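Geometric and topological summary
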Amino acid sequence: MADNINVVVETGRLTKAAELKYPREGFAVVNFTIAVNESKKKGDEWIQYPNYFDVTFTGNYAAAIVNSLSKGREVTVSGELHQDRWEKDGQKYSKVIIRANNVAPGRPPKGESDSSAPAYAQSEPPESEPDFQQQYDDEGNPIPF
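I will try to describe carefully the structure that is included in this document.

Locating T33 in the fold gives a position in strand β3 (residues 27-42). In this structure the side chain of T33 is engaged in a polar contact, spanning 2.6 Å, whose partner is the side chain of D54. Setting aside chain neighbours within four positions, we find T33 in contact with R13, L14, T15, Y52, F53 and D54.

Before going further, it helps to spend a moment on the pairing of strand β6 (residues 91-105). Bridge count for strand β4 (residues 45-58) against β6 is three bridges, and the pairing is parallel. Across the sheet, F57 pairs through a bridge with A100, a residue of β6. Direction of pairing for strand β5 (residues 74-88) relative to β6: antiparallel, over a ladder of 14 bridges. Bridge pairing in β6 links E87 to K92.

Under the defined criterion, the tally for this structure stands at three salt bridges. With a closest N to O distance of 3.3 Å, E19 and K16 form a salt bridge. Judged by relative accessible area, E19 falls into the partly exposed class, the value being 35%. Given the relative accessible area of 45%, K16 is considered partly exposed. Here D54 makes a salt bridge to K95, at a shortest N to O gap of 2.8 Å. In this pair, D54 is assigned in strand β4 and K95 in strand β6, connecting sequence segments 41 residues apart. Relative accessible area serves as the criterion here: at 25%, D54 is assigned to the partly exposed category. Residue K95 is classed as partly exposed on the basis of its relative accessible area, which comes to 36%.

With that settled, the discussion passes to the nonpolar core. F32, I34, L69, V75, V77 and V103 are the most contacted members of the largest nonpolar core, which has 18 residues in total. Those elements that place two or more of their residues in this core are β1 (8-14), β3, β4, α1 (60-65), β5 and β6. Considering each element in turn, this core owes the most residues, four residues, to β3. Beyond its immediate chain neighbours, meaning those up to four positions away, V75 contacts E10, T11, G12, L14, F32, I34, L69, V103, A104, P105 and G106.

With respect to the element layout, R73 can be found in the loop between α1 and β5. When its relative accessible area of 2% is taken as the criterion, R73 is described as buried. For R73, the side chain forms a polar contact with the main-chain oxygen of S68, separated by 2.7 Å.

Bridge analysis of β3 against β4 gives 14 bridges, and the strand direction is antiparallel. Along β4, the bridge assignment pairs N31 with T56. Following β3, the chain reverses through two residues before pairing antiparallel with β4; G43 in that reversal takes a positive phi of roughly 70°.

Thresholds applied
Residues numbered from 1 in each chain as written. Predicted model: local features only at pLDDT ≥ 70, side-chain atom pairs only at ≥ 80, totals over all residues. Heavy atoms only, no water. Helix = DSSP H or I, 4+ residues; strand = E, 2+ residues; numbered from the N terminus. Polar contact = N/O pair within 3.5 Å; in protein donor to acceptor, adjacent residues only side chain to side chain. Contact = heavy atoms within 4.5 Å. Pairing = 2+ DSSP bridges. Salt bridge = Lys/Arg side-chain N within 4 Å of Asp/Glu carboxyl O. Buried < 20%, exposed > 50% of the residue type's maximum accessible area, 1.4 Å probe, protein only. Core = buried A, V, L, I, M, F, W, Y, C linked by side-chain atoms within 4.5 Å.

Here it is, written out as structure tokens:
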């Protein structure tokens, strides 16, 4: 049995557009904050309370999807929690962030079109299907993949 498990999955909306940085050549870092609502019952009605989570996502895919991460867009993030600690002027501080392994942009804000979706999501299907040669095993039977 594992002693430590550190897994988090959140779906929320971006509080502002994601920021892309290159702290060193060829290494992309995207930072953003998501708001995830929590429902609490107060009297006879349910009230939504927002929770805000800072997210860091690195790599080539991060740089590729940054334009899809606009303010208000729904996003699903999976990764692990990480606590940053530092000291300033004798005062100790800490902050917990989500280090994302996967980021999946979702629906745009209500009333907006999906114009910032990745190009592949907006492209037209090809005119015709590509030609694939049928693959056969050693006995001449077609391979089904």
